[in-house]
Amino acid sequence: MSRSDGEAPRFAIIGAGISGILCAIKLLEAGHRNIIVYEKGDGVGGTWHRNTYPGLFCDVPSHTYCYSFEPNPEWSQVFSPGREILSYLEHTVAKYGVDQFIRYSEEVTACEYTGNQWRLTTKLESSDLADFIICATGVLHHPHYPKIPGLEKFEGHIIHSARWDHEVQLENKRIAVVGNGSTGVQLVAELASNSKHLVHYQRTPQWIRPIENPHFSEEQKRQFRLHPELLQEMRRDPAFYQTVNDFSTAITGPESDVAWGLQEFLAQNLEASVSNPLLKEKLLPDHRAGCKRIVSSPNYYQQIQRDNVDTVTCGIREIDARGVRDNDGGYHRFDIIALATGYNTLQFMRPMRVIGHNGVDLNERWAKRPAAYLATSVPDFPNFFMMSGPNGPIGNASLIDVSEMQWEYISQLIDVVLDKNLKGICVSNSAFEDFEERRIKAAKTTLFATGCDSWYLDDEGVPATWPWSMEHFEVMMKAPILDDYDHFR
Ligand code: NAP
């Protein structure tokens, strides 16, 4: 546990979201105490701290969307609201004693490898030295603001979903929602009931997966408290994992029966849920189901058929002080424009400056595209490990499961460094190149590459997410192939 100089190794975790919290808990569990967690926000939870928009929930069942070692009998619903997920994370941080290691409102601006350790600099201009950096900064945290002509002229409220302004009254207002990914669909489903008039601007129709979201009764929660084994069973919910496996099969085999069966199922959902033929036609996607992330909703189709809701699919021509004109010339006045336009997903930890061995700049390494061996390590960046780095399986699986698998992997690399008294370890250039070549080849054959535009694609149109099955990811995360790593002595 100590380095050759007798000092306890210093761990800097960047980000106190789901992955960062997990790493801190696991390091404490392994007996490490020289830990610091830098968090740019003023609370824990990452995406669940930042996102507070109305209607927010996670489409992974709550009993699965929790750490395997910390089940929660108190979830209110099968898919509980975002604020409950945040409370769960806050509770977990307090229970496992992580809070005292977190430095809030302190954004790391640079990490520089000195040849021995990493020097971190923060926005508060403090600096720190660490033996290991665990970069747990996430993927979905740089809001994308669309370039729509005239947007800046709008005199009402403009709110991005990831920066919701709770001071703005929503009741009985005229609201435009722009974007229909998972966020836009959740927003519309929630806001439709109480708005005076809501228009959903969809540039590309989406496939919608039907889900049911009942509440748990007090008696059910009592049983969960009394019988923890029930919670473990719920966590391994066979229906959810069947869905994940089906997505995985569809993603890796776009022509498989599973992929086409999925599309048929979602087409039937549209057919059965929407009665107006014109609206049905508008909502029918022209891309393969699963090419973009599939959106799950218990009531979206129902909500957009309300009398106070319109759906515009011809695109936005311009925005002026009072409202939005669409490409067919239609004009609507609004009090609020809600932008559910997603994130810049290729940024990762940047604009942070990351300088590795021999002055290699991560920005230059990633000039063509962000890439990491097994989503974890980059050549010349010793002891700089990423949780949910580029090319990991995000999107259609549970991020908590993915994080736990990744930690299992990274913790073994840390143990190798400490046990062998190395200065550091990172993937070798040849192993990285070989992996990257195979990854890109596989990515081009996935469902993500069947012709739609999505945040899964990099600047050259190659899908950036894990191109193989979840099962393969799980196997790869079991134990590092140490021959693929450069050892720094
Ligand atoms: P997104 O999936 O990237 O969707 C962005 C939406 O904005 C798309 O409909 C896009 O249209 C539209 N858009 C972007 N720029 C536009 C422009 N200039 N004009 C008009 N429309 C524009 O973003 P998101 O919905 O925030 O979701 C991002 C990810 O967050 C999800 O895929 C998911 O991984 C995660 N998420 C998860 C949950 C959950 O329940 N687990 C909930 C919310 C979010 P086009 O499709 O035409 O590009």
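Everything below is about the structure shown above.
On a predicted model such as this, the values are computed, not experimentally measured, just so you know.

Engineer: Any chance you could explain the nonpolar core here in plain terms?
Structural biologist: One broad trend across soluble globular proteins is that nonpolar side chains are buried collectively. Core analysis: the biggest nonpolar cluster contains 91 residues, and Trp48, Ile134, Val177, Trp407 and Ile414 have the highest contact counts within it. Top element by residues in this core is helix α12 (residues 399–419). It accounts for 11 residues. Among all residues touching tryptophan 48, those that are not within four sequence positions of it are Ile18, Leu56, Phe57, Cys58, Tyr65, Gly82, Ile85, Leu86 and Leu89.

Engineer: Please clarify how the environment of serine 182 should be interpreted in this entry.
Structural biologist: In this structure, serine 182 sits in helix α4 (residues 182–191). Each C-alpha atom, one on serine 182 and one on serine 297, is 8.4 Å from the other, the two residues being 115 residues apart in sequence. In contact with serine 182, not counting residues within four places along its chain, are Arg293, Ile294 and Val295. Polar contacts involving the side chain of serine 182 include one to the side chain of arginine 293, which spans 2.9 Å.

Engineer: For this particular structure, what's the right way to read the packing of helix α1 (residues 18–29) against α12?
Structural biologist: Two numbers describe a pair of packed helices, the interaxial angle and the distance between the axes. Close contact between α1 and α12 brings their axes to 10 Å; oriented N to C, the two are set at 40 degrees. On the basis of the axis angle, α1 is oblique to α12. The way α1 lies across α12 gives a crossing that is right-handed. Here α1 contributes Ile18, Ser19, Leu22, Cys23, Lys26 and Leu27 to the contact with α12, which in turn contributes Leu399, Ile400, Ser403, Glu404 and Trp407. Of the residues contributing to the contact of α1 with α12, the split by class is seven nonpolar, two polar and two charged.

Engineer: Where do I start with the packing of aromatic side chains in this structure?
Structural biologist: Tallied over the full model, the rule gives 24 aromatic pairs. Taking the centre distance of 4.9 Å and the plane angle of 10 degrees together, the rings of phenylalanine 11 and phenylalanine 132 count as stacked. Here the residue phenylalanine 11 occupies a position in strand β1 (residues 11–14), and phenylalanine 132 occupies one in strand β7 (residues 132–135), the gap between them amounting to 121 residues. The exposure class of phenylalanine 11 is buried, given its relative accessible area of 0%.

Engineer: In this structure, what is going on with the sheet that holds strand β3 (residues 102–103)? I would like to understand it.
Structural biologist: By way of backbone hydrogen bonds, the strands of a sheet pair with one another, either parallel or antiparallel. Sheet architecture is open: five strands sit in the order β3-β2-β1-β7-β19, paired in parallel fashion. Two strands close off the open sheet at either side, each with one partner strand: β3 and β19 (384–386). Helix-sheet contacts for α12 involve β1, β7 and β19, and the interaxial angle to β7 is about 170 degrees.

Engineer: Just to check I follow, could you spell out helix α8 (residues 257–273) for this structure?
Structural biologist: Side chains that are three or four residues apart share a direction in an α-helix, a result of its 3.6 residues per turn. The end-to-end C-alpha distance of α8 is 24 Å, a good match for the 24 Å that 17 residues give at a rise of 1.5 Å each. Within the sequence span of α8, burial applies to Ala259, Leu262, Gln263, Leu266, Asn269 and Leu270. Viewed end-on, α8 has its buried residues packed into an arc of 115 degrees, placing them on one side of the element. For α8, the exposed residues set more than 90 degrees away from the buried face come down to Asp257, Glu271 and Ala272. As for α8, its buried residues are in contact with β11 (208–210), α7 (238–252), α9 (277–283) and α10 (300–303).

Engineer: What am I meant to see in the pairing of strand β5 (residues 118–122) here?
Structural biologist: In summary, the side chains of a regular strand alternate between the two faces of the sheet. Side chains Trp118, Leu120 and Thr122 project from β5 onto a buried face, and the interleaved Arg119 and Thr121 project onto a face without burial. Direction of pairing for strand β4 (residues 108–113) relative to β5: antiparallel, over a ladder of five bridges. The partner of tyrosine 113 across the bridge, within β5, is tryptophan 118. Joining the antiparallel neighbours β4 and β5 is a turn of four residues, in which glycine 115 adopts a positive phi near 105 degrees. Across four bridges, β5 lies against strand β6 (residues 127–130) in antiparallel orientation. Along β6, the bridge assignment pairs threonine 121 with serine 127. Counting the residues between successive antiparallel strands, the hairpin from β5 to β6 contains four residues, one of them, glutamate 125, with a positive phi of roughly 65 degrees.

Engineer: Hey, could you run me through the pattern of salt bridges in this one?
Structural biologist: Here the idea is simple: oppositely charged side chains can pair when their charged atoms come close. Per the counting criterion, the structure on display carries 18 salt bridges. Across the salt bridge formed by arginine 369 and glutamate 460, the nearest N and O atoms sit 3.4 Å from each other. Taken together, the positions of arginine 369 in the loop between α11 (362–365) and β19 and glutamate 460 in the loop between α13 (429–443) and α14 (470–478) put the pair 91 residues apart, joining distant regions of the chain. Residues arginine 438 and aspartate 434 are paired through a salt bridge, measuring 3.3 Å at the closest nitrogen-oxygen approach. Here aspartate 434 and arginine 438 lie together in helix α13, a separation of four residues that amounts to about one turn. By sharing partners, the salt bridges in this structure join Arg369, Asp458 and Glu460 into a single network.

Engineer: Would you mind showing me how to read the site of the ligand here?
Structural biologist: What surrounds the ligand is a group of 23 residues, the closest being Asn180, Thr183, Thr204, Lys292 and Trp455. At 3.2 Å, a backbone N or O of serine 182 approaches an oxygen atom of the ligand. Between the ligand and the protein, one listed contact pairs an oxygen atom with a side-chain N or O atom of glutamine 186 at 3.3 Å. For the ligand, the accessible surface in isolation is 910 Å², of which the surrounding protein chains cover 85%. Tallying contributions element by element places α4 first for the shell around the ligand, with three residues. A breakdown of the residues in the shell around the ligand according to their chemical character gives nine nonpolar, 10 polar and four charged.

Engineer: How should I be thinking about the sheet that holds strand β10 (residues 197–201) in this particular structure?
Structural biologist: Strand order in the open sheet formed by five strands is β8-β17-β9-β10-β13, and the pairing between neighbours is parallel. Two strands in the sheet have a free side with no partner beyond their single neighbour: β8 (157–160) and β13 (309–312). Each strand axis lies, on average, 15 degrees off the axis of its neighbour in the sheet, ignoring direction. Alignment of strand β9 (residues 174–178) against strand β17 (residues 336–339), held across four bridges, turns out to be parallel. Residue pairing across strands places alanine 176 opposite isoleucine 337, the latter belonging to β17. The strands touched by α4 within the sheet are β9, β10 and β17, with β9 carrying the most contacts at an inclination of about 160 degrees.

Engineer: Sorry, what's going on with unusual backbone geometry here?
Structural biologist: Most peptide bonds are trans, and most residues other than glycine sit at a negative phi. In this structure, proline 351 follows arginine 350 across a cis peptide bond, with omega equal to 20 degrees. Tracing the sequence through the fold places proline 351 in the loop between β17 and β18 (353–355). With a phi angle near 50 degrees, leucine 374 is a residue other than glycine that sits in the positive phi range. Among the secondary structure elements, leucine 374 is positioned in the loop between α11 and β19. Its identity as a non-glycine residue notwithstanding, asparagine 391 has a phi of 75 degrees, on the positive side. Relative to the helices and strands, asparagine 391 is located in the loop between β19 and α12.

What counts and how
Residues numbered from 1 in each chain as written. Predicted model: local features only at pLDDT ≥ 70, side-chain atom pairs only at ≥ 80, totals over all residues. Heavy atoms only, no water. Core = buried A, V, L, I, M, F, W, Y, C linked by side-chain atoms within 4.5 Å. Buried < 20%, exposed > 50% of the residue type's maximum accessible area, 1.4 Å probe, protein only. Helix = DSSP H or I, 4+ residues; strand = E, 2+ residues; numbered from the N terminus. Contact = heavy atoms within 4.5 Å. Polar contact = N/O pair within 3.5 Å; in protein donor to acceptor, adjacent residues only side chain to side chain. Axes fitted to C-alpha atoms, helices over the stretch in contact; angles between N-to-C directions. Parallel < 35°, antiparallel > 145°, perpendicular 65-115°, else oblique. Left-handed = near helix turned anticlockwise from the far one by under 90°. Nonpolar A, V, L, I, M, F, W, Y, C, P; charged D, E, K, R; others polar. Phe/Tyr/Trp six-rings, centres within 6.5 Å; stacked < 30°, edge-to-face > 60°. Pairing = 2+ DSSP bridges. Expected span 1.5 Å × (residues − 1). Arc of directions from axis to C-beta. Salt bridge = Lys/Arg side-chain N within 4 Å of Asp/Glu carboxyl O. Near = heavy atom within 4 Å. Areas by Shrake-Rupley, 256 points an atom, 1.4 Å probe, with all protein chains shown as cover.

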